[in-house]
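# Breakdown of the fold
The chain contents come next:
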Amino acid sequence: MRLKFGRRPWKEGPGSSASSPHRKEMGRWTLQLTVGFGLLAVLLTCCYAEVKNYCFESRSKSCSECLQAGVGCAYCPDENFNGPRCDLYANILAHGCSAGAILTAKSEMKIERKQQINVKLQQSQVYPQLMDMTFLPGEEKTVNVEVFAPLKGPLDLYILMDFSNSMADDLDNLKKMGKDLATLVKKLSDDYTIGFGKFVDKVIEPQTDMRPSKLAQPWPDSDPPFSFQNVIRLTNDLNFFNSKLQKEKISGNLDAPEGGFDAILQAAVCGDKIGWRNGSTHLLVFSTESAFHYEADGANVLSGILKRNDEKCHLDSDEKYTDDITQDYPSVPTLVRVLGNHNIIPIFAVTDHSYTYYEKLKEYFPIAEVGLLQEDSSNIVQVMETAFASIRTKMSIHAMDKPRAFESQFLHINEEVAEYGSFDFRPGAKGKFKMRLKAQQMIDDTPVCQRDETTEREGTMRKRIRLAPKCHGNGDLVCGKCQCNDHWMGTFCNCSTTTSSKDTSQCKGPGMTEDCSGRGDCLPCGNCVCYNPDQFEGPYCQYDKTQCQRFGGFLCNDRGSCVMGQCACSEGWEGNACECSKSNQTCLDSKGGVCNGRGKCVCGRCECPNSGIEMTSTCEPNFQAQLGVCEATRSCVQCQAWKTGERKEEEDCKKCPFKITLVDELKEPEQVFESCSFRDEDDDCTYYYTVEDPKDPAVKGLEVQVLEKKDCPPASLLWLLPLLLFLLLLLALLLLCCWKFCACCKTCWQSCLALLPCCRRGRMVGFKEDEYLLRQSLLTSDHLDTPMVRTGPPKSTDVVRWKVTDNVHRGPNHPQALIKPNPKETIQFPVSLRLNRLFSENLSHPESRDAEQLRKEVADNVKCREMLGKGNVHIDEIPRLPCRYGPTCHMRLTSASPVISRQNYTIMDTVLSAPRSSYPDIIKAAGAVEFQEGVESVDVHVPLFTKDEDDDKKQLLVEATDVPLGIAEIGKRLVNITIIKEHATSVFSFLQPAYTYSRQDGVANIPISREIIEDGRTQVSYHTWDLTAKDKKDYVTVEGDLTYGPGETQKTVPVRLLELGEKDGLLEDKQVKQFFMDLSNPRQGGKLGRYPRTTVTITDQPEPSVMMFKKSTQNFTTSDPTYTIPVVRTRNQDSSATVKWRTKKAQNFELSGPLIFGPGETEKNIVINPGGHSGPVQPETFQLELFDPSSNASIGERKTTLVNVTEGVTKSPQLAQIQQGFVNKYVTSPGGHLLPPTNPNAKATGPRSIRLNWDPSSGNTVGYKVKYWIYGDPEKDAKVLDVKTTQAELTDLYPYCDYEMRVCAYNAIGDGYDTDIVACQTLEDVPGEPGRLAFNVISPTVTQLSWGEPAETNGNITAYEVIYTPIDDELKPVGPGKKVKIDNPKKRMLLIENLQSAQTYQYKVRAKNSVGWGPFRDATINLASQPARPLSIPIIPDIPIVDAEAGDEYDSYLMYSNEVLKSPTGSKTPSVSGDGGYPAPKPQATHNS
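All of the points below concern the structure found in this document. (Residues numbered from 1 in each chain as written. Predicted model: local features only at pLDDT ≥ 70, side-chain atom pairs only at ≥ 80, totals over all residues. Heavy atoms only, no water.)

### Topic: the overall build of the chain
A tally of regular secondary structure across the chain gives 21 helices and 85 strands. Residues classed as buried in the chain amount to 45% of the 1489 residues present. Long-range contacts, defined as pairs at least 24 residues apart, comprise 66% of the intrachain contacts of the chain with a sequence gap of at least 6. Accessible surface, the chain: about 76900 Å² in total, of which carbon and sulfur atoms supply 51%. (Helix = DSSP H or I, 4+ residues; strand = E, 2+ residues; numbered from the N terminus. Buried < 20%, exposed > 50% of the residue type's maximum accessible area, 1.4 Å probe, protein only. Contact = heavy atoms within 4.5 Å. Areas by Shrake-Rupley, 256 points an atom, 1.4 Å probe, with all protein chains shown as cover.)

Shown next as structure tokens:
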């Protein structure tokens, strides 16, 4: 069976011209298969079956039939063979057939054209281009293929549009998009064409109104109905396309589904009329808002009446489809096949009405896209662009015109089958895949070789016979054996019967005295027949099969067979006795090379040259056996270079296996194998040299370069030290005096020079930029730091005053300018104040002493803020008071604060609440900046005055007015700031500007709300920042993106809170721990709302109560006397708490009031009497909202509840009692809803399981539903378990985790009422791995090891264990491991001293809780390969220190750095370095610095 494949050009339609084989094609490659059969001995076998011996079962009568039976079949033509002649090769051989006589078949694979892909050639390419393969039936082959599609190539874009009347507005919009379409096709391709077609449906009932008036004009100003018409042939003339499109008018039909399938098929098969080009990408954009008719779809009453679609072109001279009323719609498989054959990729641009239909239809196509159109198709250009971008990354590969005798599969490079032959190959890059082909054995229970070739529709088969000239022209070759003609005989028909057939001399070989070596009979024509063919062979029986060479006692090393006196080795072996492996795997050195490039791999072993240095088995220097390369070469270097050392005698030195080279400069250590240095004992000088392998393989030995100049110590100059010290001290005193004198002179000189007019020239100040363009949604601050620069000699101080004008774009009659706001309204003012203290780096660290002092100063001046808020104090009266701290103020002391570090003062931001009338006193739209000496740039902190009432495009003007102090002149005076306010579809905000959580919570769930203006998908980013709380000390910082789907209004971000550290826990006056969370970067139409930042306070006090609605929705009817809405309270239930409530969006009433929880109360009801208001009770939907909780409480996630009031009938008193909160547990409601089960009780039965049981509910109960969720998660995300008994086993839970549960009964009516929340905590389990290990390398022998707390503590961590072990390069231990147990779980740090220098260690850490030890976290490091940082991170007091040279028992060598602050004996570095700002050590300890 022969198969050829190559790249197939695009399928030509009727009338299409021939195509170039190198034109661009988008996304689809095809394979051409041609198949042939032959009857030669090297030809076919059929299908491979592991469970059957199909060769034997075939009972073949000839060799051809045998070889066609299946893969692996063999035929024995030996006359004397008595076994089955057709069988598997091994079986025939075992039955006694000679190996040389057995006939087998082998397939071939040949690449006929294999031009490599050239990515610079901008055309589609494939490699290989043509292959010729012969197959054995049942055989499978895999071929590696590469393809390439250029970034841009020829493109044919055909738009097929629904012209039913409902698409009128869509057509109008398409006519207006001529320029947009032109821009799109030019962007997609440099070689493009664009065409247009229209369709409606079959012009026949019931699809079309057949009344004459409607046939003439179905709608006013419309064209007559039609099925399909090609309006504009594919063209590259965009002006012609646009002009002809403007003339089109809409048409119409009756039923909703359209006849688009007819149009798609005609557009595909009428290639000459549509204008599809060969070799280009064919895109068909199908635009409609309706579903589709297809063959026999049930909706088409004509199915079964009309004949099947013939898949041919039927367009008349007007380019209209003529056979729409005579043949049916095409089926979906037909459409997929036809588009595939013509290489057309469909893009379905449909509206929301039919989107789901086409989304399912898309799955049938190898490559297709579906885009969602707006109702008027105004976004069709964007849909096409998006779809094309997706199509560019896809490629579909499948076999075309494949005969039934073959199966084909296409696979990814990792052997995974590609569904539909689809691949994601990027344009402009090579794509690789695999093609798997298999020849069938049977087709329809008939052997493939016996099938009639005329029955094949998908391919062509040809039978042929191959003959070999083995019979000397005197006979025919039949089944591999010569059948001689008359008068000829012998194996190859080369013996004539006319000659003497009795001559036996031909049976004796050279030097033989007996016929057939005495091992056989001599037949006529000199043919020997051996007595024992299993032992003897050869033309004279001269070879004994048991006398070939042996290796290791085995004949041919058991890796081959003895044939004609010589070993015939198996694949991969060679040698006279098959003793040598051809593989070089045993010769690979440590670098992956063969014999280190110095030897030869012979018979699986390296033959190394003699260099005098002991070598390994792979020709690598074995320096370990000689104590290292330097030690091994030391004596030879000494004797050759300096005539010194152990081999200084000439006779000993000549025995050195290498020669040295003296050089003036040595190579870098990284460039050589080893860099050595030794001290010469004869002269006490140090000499240096390098050792490396020679670059020339022909050179034997090592290449050693020796530095010609030794490093000798100088003569003793100790008597000069006192003199040098005295001179240095005298020089230091002179320099100090000069510096004092010069500094005084310099100040006077600069002051005088500044008064000279000539010195004014050249010094200029001005703004750096002319204009800023900002988007309000991206602003993260109320100010903009605008740089002002100074040029010229900065030798003195300059002060520049500036002012800012808001809304300069508004005229005096602008509507906003005429609005007079309420002067008494309290608003927040952002201000920047200059502090009366110098800037220092410590101000950027909240925990520094300077920052603490600054907080006290701020706290002392709270009163000034209150006075400002009342308007009693002018801002100028307190120009240097940092009035920032108070109930509504917010102080940032982080590196992100707007601090001008280039000057000697500090500016900080705050927000003050005050009446609007205080605006002129508080917010100064002017200011001044100071250039001190040496300063060339400062930032002008310009307020942006962003307000909700701002225009969409707001402008501010900043002006540098004058220089009241200094000699500089103003250059660039003005800066324009433009702020663009987008109209948002969503508004993101925190619910509150501040939250308070207790450390006992373990997690702070911070809700982020979304106000929906236009529904859809949108995103916003969040990030936490340190304030006084520190990341990984008080909390774990989080950042990421929140994605809101349609209808989603709120999401929660969990922030993990950490336990209080031991150091902080001992402090009496603990600092308040706070951190920020910011919202930023709203996307997809979002913007930031009222609270883009919230402050989270971590308290160690009892957690506040959490109050929220019990349910997110409440359902009532108009007949209910009252609406009872329950509110529940969790946490801290021992104190009183209050919260206020109010109605929102209610039609008949607006109510509000307080809700007071007493000590121990967990649930209260809000009762609304709808009859207490004027007018009848009407169905409506409104909201209830909780707000303004007391100081010891907060509002939970269900801040609001939705109340649905529907039309209803009067209910019984029992049900009314239930809705009013008075539940009778002995009855059910008349409607059949069951009351909640009683006495629910939960108990943890393991670390991952809880048993929940309850008393049964009264009434006809079918079963129970158990809802359970992790404490803190929303109840709507709860898992539900359905049980039939009064208990439930909750499994697959998290260890040591708090869970909340509810139970409800249900019956045929529905679910009953839920029980109250039941809480339970699972038991502890062993902890998980500790966090990542980190090393602070102090020196090559000292390291500081730290690790993180396990992500899954599964309980309370009680201890840690550290094990460190010296290991070799194969990670095997080379010494005993040391263990350290740390009983204080807060000390996750260990200082290890006196490690072995340059030794690799493996470090392992595990954690322990009450259950036991968890798994290890390990890391491997060699300190010598890491940079040492002895002063970079000070060793924190109170961390464990361990001496690696001490004992092996726990705590025998463990100490703490607050007890011992000096290094242990033998330590290379101190245990504590420098003053890190921690508590002072004990007085008796020595502090090494």
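Having put the structure on the table, let's press on.
### A few points about the packing of aromatic side chains
In total, this model carries 24 aromatic pairs according to the counting rule given. Each ring, one from Phe135 and one from Phe406, has its centre 5.2 Å from the other, and the planes form 85 degrees; the classification is edge-to-face. In this pair, Phe135 sits in the loop between strand S7 (130-134) and strand S8 (140-148) while Phe406 sits in strand S16 (residues 406-411), placing the two residues 271 residues apart along the sequence. Residue classification places Phe135 among the buried positions, given a relative accessible area of 1%. Taken together, the aromatic side chains of Phe199, Phe261, Phe286, Phe292, Phe348, Tyr358 and Phe365 make up a single cluster linked through ring pairs. Note that Lys141 overlies the ring of Phe135, its terminal NZ or CZ placed 5.1 Å from the centroid. Directly above the aromatic system of Phe1187 lies the positively charged group of Arg1142, at a separation of 4.0 Å from the ring centroid. (Phe/Tyr/Trp six-rings, centres within 6.5 Å; stacked < 30°, edge-to-face > 60°. Lys NZ or Arg CZ within 6 Å of the ring centre and 35° of its normal.)

### Some thoughts on the pattern of salt bridges
This structure, assessed with the given rule, holds 48 salt bridges. One salt bridge connects Glu248 with Lys198, and the closest N-O pair in it is separated by 2.6 Å. Of this pair, Glu248 sits in the loop between helix H7 (238-245) and helix H8 (260-269) while Lys198 sits in strand S10 (residues 192-199), and the two are 50 residues apart along the sequence. On the basis of relative accessible area, Glu248 is assigned to the buried category, the value being 10%. Between Lys1144 and Glu1185 there is a salt bridge, with its nearest N and O atoms 3.8 Å apart. Of this pair, Lys1144 sits in strand S64 (residues 1137-1144) while Glu1185 sits in strand S67 (residues 1180-1187), placing them 41 residues apart in sequence. Since its relative accessible area comes to 31%, Lys1144 is described here as partly exposed. Accessibility expressed as a relative area gives 8% for Glu1185, which makes it buried. Salt bridges sharing common partners tie together Glu1197, Arg1198, Lys1267, Glu1275, Arg1302 and Asp1314. (Salt bridge = Lys/Arg side-chain N within 4 Å of Asp/Glu carboxyl O.)

### Brief notes about helix H5 (residues 178-188)
Those residues of H5 that sit buried are Gly178, Leu181, Ala182, Leu184, Val185 and Leu188. Across the axial projection of H5, the buried residues extend over an arc of 160 degrees, all falling on one side. The exposed residues of H5 that point more than 90 degrees off its buried face are Lys179, Thr183 and Lys187. In this fold, the buried residues of H5 make contact with strand S9 (155-162), helix H4 (168-176), S10, H7 and helix H12 (380-391). (Arc of directions from axis to C-beta.)

### Looking at the packing of H5 against H12
With their axes 10 Å apart at the nearest point, H5 and H12 run at an angle of 10 degrees to one another. Looking at the two axes, H5 sits roughly parallel to H12. Where H5 abuts H12, its residues Asp180, Leu181, Leu184, Lys187 and Leu188 lie against Val381, Met384, Glu385 and Phe388. When grouped by side-chain class, the residues that make up the contact of H5 with H12 number six nonpolar, no polar and three charged. (Axes fitted to C-alpha atoms, helices over the stretch in contact; angles between N-to-C directions. Parallel < 35°, antiparallel > 145°, perpendicular 65-115°, else oblique. Nonpolar A, V, L, I, M, F, W, Y, C, P; charged D, E, K, R; others polar.)

### Considering the sheet that holds strand S70 (residues 1238-1246)
Strand pairing in a sheet takes place through backbone hydrogen bonds and is either antiparallel or parallel in direction. One open sheet holds the three strands; their spatial order is S70-S71-S74, and the pairing between them is antiparallel. In the strand order of this sheet, the two ends are held by S70 and strand S74 (1287-1290), each with one partner. Across the sheet, the mean angle separating the axes of adjacent strands is 15 degrees when strand polarity is ignored. Taken together, the six bridges between S70 and strand S71 (residues 1249-1255) define a ladder with antiparallel strand orientation. Of the residues in S71, the one forming a bridge with Thr1238 is Asp1255. (Pairing = 2+ DSSP bridges.)

### Comments concerning the state of the cysteines
Enumeration according to the criterion identifies 17 disulfides in this entry. There is a disulfide in this structure between Cys530 and Cys541, and the S-S distance comes to 2.0 Å. The sign of the S-S torsion, about -105 degrees, decides the handedness of the disulfide formed by Cys530 and Cys541: left-handed. Here Cys530, found in strand S26 (residues 527-530), pairs with Cys541, found in the loop between strand S27 (536-537) and strand S28 (543-544); they are eleven residues apart in sequence, far enough to count as distant. (Disulfide = S-S within 2.5 Å.)

### So, the environment of Cys639
Inspection of the secondary structure assignment puts Cys639 in helix H13 (residues 629-642). For Cys639, a relative accessible area of 1% puts it in the buried group. With eleven residues separating them in the primary sequence, Cys639 and Glu650 have C-alpha atoms 8.1 Å apart. Discounting residues that sit within four places of it in the chain, Cys639 has contacts with Thr644, Arg647, Lys648, Cys653 and Cys656.

### Topic: H4
What H4 keeps buried is the set Asp170, Leu171, Asn173, Leu174 and Lys175. Contacts made by the buried residues of H4 are with S9, H5, S10, H7 and H12.

### Regarding the packing of H5 against H7
As a packed pair, H5 and H7 sit with axes 10 Å apart at the nearest point and diverge in direction by 145 degrees. Our pair here, H5 against H7, has a crossing hand that is right-handed. Facing Gly178, Leu181, Ala182, Val185 and Lys186 of H5, the residues of H7 in contact are Leu238, Phe241 and Asn242. Considering only residue class, the contact of H5 with H7 consists of five nonpolar, two polar and one charged. (Left-handed = near helix turned anticlockwise from the far one by under 90°.)

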